Amino acid sequence: MSSWRGGKDAGGEPSVDAQLEDLFTKLSQAAEQGSHKRALKCADDVLKISPGDADAIRCRVTALIELQRFADCAATIEKDVADDALRRDLAFERAYALYKCGKVDESLRILQTETSQDERESTRAMQLEAQLMHRAGRHGEAATIYEALFRDRADDVEVVVAVDERLVRRGGIPTKVT
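Since the structure is predicted, the reported quantities are computational estimates derived from the model, not experimental observations.

Trainee: Explain the packing of aromatic side chains here, please?
Mentor: One pair of aromatic rings is described through two measures. These are the centre distance and the angle between the planes. One pass over the full model with this rule turns up three aromatic pairs. Residues phenylalanine 92 and tyrosine 96 carry aromatic rings whose centres are separated by 6.4 Å and whose planes lie at 15° to one another, so their mutual orientation is stacked. Of this pair, phenylalanine 92 and tyrosine 96 both sit in helix H6 (residues 91-100), separated by four residues, roughly a single helical turn. With a centroid separation of 6.2 Å and an interplanar angle of 45°, the aromatic rings of tyrosine 96 and tyrosine 99 are classed as tilted.

Right under this line is the structure:
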């Protein structure tokens, strides 16, 4: 029987709550320090104790992306996420991981059908969709998305530089900037 949060069980071992609190503290520290391998290990340790923990899954997914383990990231979301709401929340990350694995059609399908409307309108989703269109040989559609990003988000220097670089590479410059 567990005692109060942070206590020990009848056998003198730390309670599940105490173990989770300790692991989440270590996970937070690892993430703050940019130690993605350590964050991944902590997230995995949390999931051993509390399978399906949404925060641990999100941390695992983020660490896998940072470690460029894209196939593992996609597999984590596909196989280990049973909660539909969490799966929807991680749809962009799954699409990105699949894109990095070269699965353009599947990535585009997920991006267009499984992400929320707000996410689809986000800068990161639009950039990913443009890249996917480009990789799929749909260059006109890619250019249209890049031009919309350039036009609608010109106040975001990071977006302007990325879009401008891609437009220059393809040989097109936007004709009108508002």
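Trainee: What am I meant to see in the environment of aspartate 22 here?
Mentor: Along the polypeptide, aspartate 22 turns up in helix H1 (residues 16-32). Looking at aspartate 22, the relative accessible area reads 39%, which means it is partly exposed. Aspartate 22 sits 24 residues away from valine 46 along the chain, and the two C-alpha atoms are 9.6 Å apart.

Trainee: I tried to follow the pattern of salt bridges on my own but got confused; where do I start?
Mentor: Tallied over the entire structure, the rule returns 14 salt bridges. For arginine 94, the salt bridge goes to glutamate 78, with nearest N and O atoms at 3.3 Å. Of this pair, arginine 94 sits in helix H6 while glutamate 78 sits in helix H4 (residues 70-80), and the two are 16 residues apart along the sequence. Given the relative accessible area of 8%, arginine 94 is considered buried. The partly exposed category is assigned to glutamate 78, whose relative accessible area is 31%. Glutamate 114 is paired through a salt bridge with arginine 94; the nearest N and O atoms lie 3.2 Å apart. Of this pair, glutamate 114 sits in the loop between helix H7 (104-113) and helix H8 (117-120) while arginine 94 sits in helix H6, and the two are 20 residues apart along the sequence. Its relative accessible area of 23% is what places glutamate 114 among the partly exposed residues.

Rules and cut-offs
- The numbering scheme is per chain: residues are counted from 1 as the chain's sequence reads.
- Local features in this predicted model are restricted to residues of pLDDT 70 or higher, and side-chain atom pairs are both shown and tallied only at a pLDDT of 80 or more, whereas totals for entire chains, interfaces and linings draw on every residue.
- Values reported for side chains reflect all heavy atoms of the structure, with hydrogen atoms and water molecules removed beforehand.
- We call Phe, Tyr and Trp rings a pair once their centres come within 6.5 Å, taking the six-membered ring for Trp, and we label the pair stacked below 30 degrees between planes, edge-to-face above 60, and tilted otherwise.
- By the criteria applied, helices consist of DSSP H or I runs no shorter than four residues and strands consist of E runs no shorter than two, each listed in order from the N terminus.
- Each residue gets one of three labels from its accessible area relative to the maximum for its type: buried under 20%, exposed over 50%, partly exposed in between, using a 1.4 Å probe on protein chains only.
- When a carboxyl oxygen of Asp or Glu is within 4 Å of a side-chain nitrogen of Lys or Arg, the pair counts as a salt bridge.

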